[in-house]
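Each chain, written out:
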Amino acid sequence: MFSYCTDPASLEGLTWLSCYLTTGKHMSIYWSVGTVLLLLAITAPTALLFGFGGATAARAPFAPLRWLGKGYIAIVRGVPDIAFFLFFVIALDQFFEWIRHSVKCPDWDEPIRQGNDFVVCAEAKLPLGNAAQWVHETYGFFLAVLTFAIVFGAFAANVLFGAMKAVPRAQMETAEAYGMTPRQSFWRIMVPQMWVYALPGLSNLWMVLIKATPLLFLLGVEDIVYWARELGGSKTARFTDYPHGDWRMWYFFALLVFYLLFTKVSEVVLDRIMKRLTHGQATAGGEAQRKAA
Amino acid sequence: MSGASPVAFGDSPRYFWPKEDRGHVVSCWETIADYGLRSIGIGERLLPRADYTLCQQVTLIGSGMIWNVYFGVLALMSGFFLATSAALGKASGNPFLRKPAEWFIFLFRGSPLFIQFFFAYFLFLSLKSVSPFFDVFTSAWLGALIVLFLNTAAYSAEIFHGALLSIPRGDLEAADAYGFSGWKKFRRITWPTMLRLAWPAYTNEAIFLFHATTLVYFSGFPAFQQRGDALYYANYFADKTFNPFVPYPILAGFFILLTLILIGGFGWVNKRLNRHLPQDARQKVKLKPNLMR
C-alpha cells in the first residue's frame, strides 16, 4: 500500500510489518471485522423482535400458541447452541428451496429427497446456479443472520418473558380498573415498564452475542476466523512476497485481544446505560443511587 | 440410487452382500456392538458410507457423547478447585493475589471460547516444534481439556466470588464469636455457605460447560481417526445424507437427557447443601440460559 513496499524482500523490521499488514489479503480480514459488526447490528434488533414474539406467544391465552412460545424458549436450554447453528443453516436453506420448488415447478413429480440427495428443480435453486459470487456470499450471510436471530431470539424471549412477569401486578390491575382492554394495557402499561427489568438480561445477552460471532465461521461465512487461519498459515517465498512461518497463533492472539477489548468497551457502555435507566426507578438500584447522591 | 452397489469395507464378509440382504443381517444390536465405542477407537474402524440407518446414527452420536461427558466431567471437577482459589483471590485484599485472579477471570470470560480453543491449539502446535514434550497437548483429549478447565474455572470463579460477597455478615460474625478462625472458619463456615449460595448458578454453568464441549472438534483440534464427539458425528451424518432433520434431533435428544441427569445430580447436592435451612429459605435450582461462551 505504501510507496516503499515495491520490493518487500529488501525491507526489515517495522517497515516490513507495515507493508505486510496492508497487503490486499489483509484488507480482507479488516473488512471481515466489518462483517462481524454488520452481523451484530442486524442480528441484535432481529433477535429482539423474535424474542418479543416468543415472549408474547408464551403468554398467549390461546393454548397451542402458548405451547409454541414456551417450547421455543425451552428447547435452547437443553441443546447446545452450536448444534442449532449447524442445523438451521441447512434446514433453512432446504426450506426456502422447497418453497420455491413448490411454487415454481408445480408439475415436478419426483420426490424431493432421493436417497442421500435433496433435489429441487433448477429454477428453485438458491442462489441460482448462474448467480454472481456476491449473491452467493450475501445469501450465505443472510442465512447466518437468520440462524443467529432464531437462536438468540429464544434467549431474548426468555429474558423478556421474565421481564413481563416482573412488572408489578398492581400496575396491570390498575390498568384493568381504568377500563383498558388487554391489548391496551399490554402496549401502554406492560411494554414501556418491562425494559428496566429486561436490561440486565439483555446486556448479558449482548455480551453472549458478541462472543458467539466467531461461530459465523461454522456457518460458512468468510469471517475473521477464516481469514486468521488463511493468513496465519505458513507461506513460502514461491507464492508470496512476504514469506513467513506458521503465525496462526499470533493471528488468533490478535483476535483474542480484539474480543477482550470489544467486551470491555461494551461492559463500560452498558453500565452507563443501566445507571441512567435506573435513575429514579423504584428498584434496589435506583434506591442505591438516591442514597449515594 | 447411490447406495445400491455393495460397498466393500471392513473384512467382515457381510459388507459384500447386496443391500437388500444386508438389511436383514445387520441388526441394530450388531450396529451397537460395532459402533457403540467407536469414538474411543474400539470396534469397527470405518464409518458407514452408504444407507445410513437410524440405528447407526443413534449409536454413533451416542458413542460420541462419551467425549462430551469426558470433557465435561473432568473439566468441571478440576475447574472447581481453581475456581475456588480464583474466587478467594479476587475477594482477597492483597493486590498480588487479587490482580492475577481478576485478570484470569477477565481473560477467559471476556473472550469467546471458540477463539480460545483456536489460540491454544496453535500455541501448542508452535510449542511442539520447540520440544516434543508438547506433542500430546495438540491432541484434543489433553489440549482441549486444558482450555475447558481454565474456561470453566474462570466462569465458576465469578459465580463463587459473587456468592462469597453475599455471605450473610451474621454468619461470619457468629463464626468469629465461636472462636473459629483461619482454615477452620473457611472450611466450616465460609466455604459451605459460598457453595450453597452459588449452587443454582453453578448448576447452569455445568450445563453450559457440557454444551460447550461440542465446540472442541470444530476449533482446530483434529478428530484422530474420526473419533469425535456427538456433534462431530451428527455433522458427519448431516453432511453425508444432506438431511439435517434426523441427526440433529438425535443429538438434541441426547443432550436433553444429559441436561436432565445433570439437573437431577446437582439438585440432589443442592438439597444436601440446604438441608439445615427451614423449608421456605431454601433456594431452588432454576435453569437460566444466560451463560454461554
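Keep in mind the model is a prediction, meaning the values are calculated, not measured.

A.B. asks: Explain the overall build of chain A to me, using residue names and the numbers behind them.
C.D. replies: Scanning chain A for helices and strands turns up 10 helices and two strands. Helices and strands appear in chain A in the N-to-C order α-α-α-α-β-β-α-α-α-α-α-α. Computed over its C-alpha atoms, the radius of gyration of chain A comes to 25 Å, more than 25% above the 19 Å expected for a compact globule of 293 residues. Dimensions of chain A, computed from C-alpha atoms along their principal axes, come out at roughly 80 × 70 × 30 Å. The buried share of chain A, taken over its 293 residues, is 44%. Within chain A, contacts between residues at least 6 apart in sequence are counted, and of these 66% link residues at least 24 apart. In the form shown here, chain A has an accessible surface area of approximately 15900 Å², with 65% of it arising from carbon and sulfur atoms.

A.B. asks: Residues and numbers for the side chain of Ser185(A), please.
C.D. replies: With respect to the element layout, Ser185(A) can be found in helix H7 (residues 182-212). Ignoring sequence-local partners within four residues, the contact set of Ser185(A) consists of Met172(A), Ala175(A), Met180(A) and Met190(A).

A.B. asks: Explain the environment of Leu40(A) to me, using residue names and the numbers behind them.
C.D. replies: Residues and elements named next belong to chain A. Along the chain, Leu40 turns up in helix H2 (residues 24-58). The spacing of Leu40 and Ala149 is 109 residues in sequence and 10.0 Å in space, taken between C-alpha atoms. What Leu40 contacts, discounting residues up to four positions off in sequence, is Pro45, Trp206, Leu209, Ile210, Thr213 and Phe262.

A.B. asks: Can you tell me about a nonpolar patch on the surface, naming the residues and giving the values?
C.D. replies: On the surface, Leu14(A), Leu17(A), Leu21(A) and Tyr30(A) cluster together to form a nonpolar patch covering roughly 380 Å² of accessible area. With respect to the helices and strands, the residue Tyr30(A) is situated in helix H2.

A.B. asks: Any details on the nonpolar core? Residues and values, ideally.
C.D. replies: Counting residues in hydrophobic clusters, the biggest one holds 155 residues, and the most contacted among them are Phe148(A), Phe152(A) and Phe160(B). Cys105(A), Phe118(A), Cys121(A) and Ala124(A) belong to the second largest nonpolar core, which has six residues in total.

A.B. asks: Can you break down helix H10 (residues 247-273) of chain B residue by residue, with the values?
C.D. replies: In this model H10(B) runs 39 Å from its N-terminal to its C-terminal C-alpha over 27 residues, within 8% of the 39 Å that 1.5 Å per residue would give. Along H10(B), the positions that sit buried rather than exposed are Pro247(B), Tyr248(B), Ile250(B), Leu251(B), Ala252(B), Phe255(B), Leu258(B), Thr259(B), Leu262(B), Phe266(B), Asn270(B) and Leu273(B).

A.B. asks: Please set out unusual backbone geometry residue by residue, giving values where relevant.
C.D. replies: With the exception of glycine, most residues fall at negative phi, and the peptide bonds are largely trans. Residues and elements named next belong to chain B. Positive phi, close to 55 degrees, is recorded for Gln226, a residue that is not glycine. Looking at where Gln226 falls in the secondary structure, it is placed in the loop between helix H8 (182-212) and helix H9 (230-241). Of note in this structure, Phe242 is not a glycine but carries a positive phi near 55 degrees. Inspection of the secondary structure assignment puts Phe242 in the loop between H9 and H10.

A.B. asks: Quick one: what's the story with the layout of surface pockets, residue by residue and with numbers?
C.D. replies: Empty space within the second largest pocket amounts to approximately 1000 Å³. Together, 42 residues line the second largest pocket, and Phe217(A), Leu219(A), Gly220(A), Val221(A) and Glu222(A) are the ones closest to its centre. Among the secondary structure elements, those contributing two or more residues to the lining of the second largest pocket are H2, helix H4 (81-104), helix H5 (133-166) and helix H8 (224-232) of chain A together with H9 of chain B. Residues of the lining of the second largest pocket, tallied by class, amount to 23 nonpolar, 12 polar and seven charged.

A.B. asks: Could you give me a rundown of the state of the cysteines, with the residues and numbers involved?
C.D. replies: Residue and element names in this part refer to chain B. Applying the stated criterion to the full structure yields one disulfide over all chains. Covalently, Cys28 is tied to Cys55 through a disulfide, its sulfur atoms 2.0 Å apart. Taking the torsion about the sulfur-sulfur bond, which here is approximately 90 degrees, the covalent link between Cys28 and Cys55 counts as right-handed. In this pair, Cys28 is assigned in helix H2 (residues 28-35) and Cys55 in helix H3 (residues 54-91), connecting sequence segments 27 residues apart. The exposure class assigned to Cys28 is partly exposed, which follows from its relative accessible area of 38%. Residue class for Cys55 comes out buried when judged on its relative accessible area of 15%.

A.B. asks: Pulling in residues and values, what's your account of the interface of chain A and chain B?
C.D. replies: Across the contact, 41 residues belong to chain A and 44 residues belong to chain B. Between chain A and chain B, a total of about 4100 Å² is buried, with carbon and sulfur atoms accounting for 75% of that surface. Summed over the shared surface of chain A and chain B, the number is zero salt bridges. Our count for the chain A to chain B interface comes out at four residue pairs in polar contact (both at pLDDT 80 or more). Looking at the side of chain A that touches chain B, the elements with two or more residues in it are helix H3 (63-78), H4, strand E2 (117-118), H5, H7, H8 and helix H9 (248-278) of chain A. If you tally residues by element for the side of chain A that touches chain B, the top one is H9(A), at 10 residues. In terms of residue class, the side of chain A that touches chain B is made up of 25 nonpolar, seven polar and nine charged.

Parameters at a glance
Residues numbered from 1 in each chain as written. Chains lettered and ligands numbered in written order. Predicted model: local features only at pLDDT ≥ 70, side-chain atom pairs only at ≥ 80, totals over all residues. Heavy atoms only, no water. Helix = DSSP H or I, 4+ residues; strand = E, 2+ residues; numbered from the N terminus. Rg over C-alpha atoms; globule rule 2.2 N^0.38 Å. Buried < 20%, exposed > 50% of the residue type's maximum accessible area, 1.4 Å probe, protein only. Contact = heavy atoms within 4.5 Å. Areas by Shrake-Rupley, 256 points an atom, 1.4 Å probe, with all protein chains shown as cover. Patch = residues over 30% accessible without salt bridge, like charges linked within 9 Å, V, L, I, M, F, W, Y side chains within 5 Å. Salt bridge = Lys/Arg side-chain N within 4 Å of Asp/Glu carboxyl O. Core = buried A, V, L, I, M, F, W, Y, C linked by side-chain atoms within 4.5 Å. Expected span 1.5 Å × (residues − 1). 1 Å grid on protein atoms, 1.4 Å probe; cavity = no way out; pocket = protein on both sides within 12 Å on 5 of 7 lines; lining within 4 Å. Points joined across faces, edges and corners; volume = space filled by probe spheres on them. Nonpolar A, V, L, I, M, F, W, Y, C, P; charged D, E, K, R; others polar. Disulfide = S-S within 2.5 Å. Buried area = accessible area lost by both parts, 1.4 Å probe. Polar contact = N/O pair within 3.5 Å; in protein donor to acceptor, adjacent residues only side chain to side chain.

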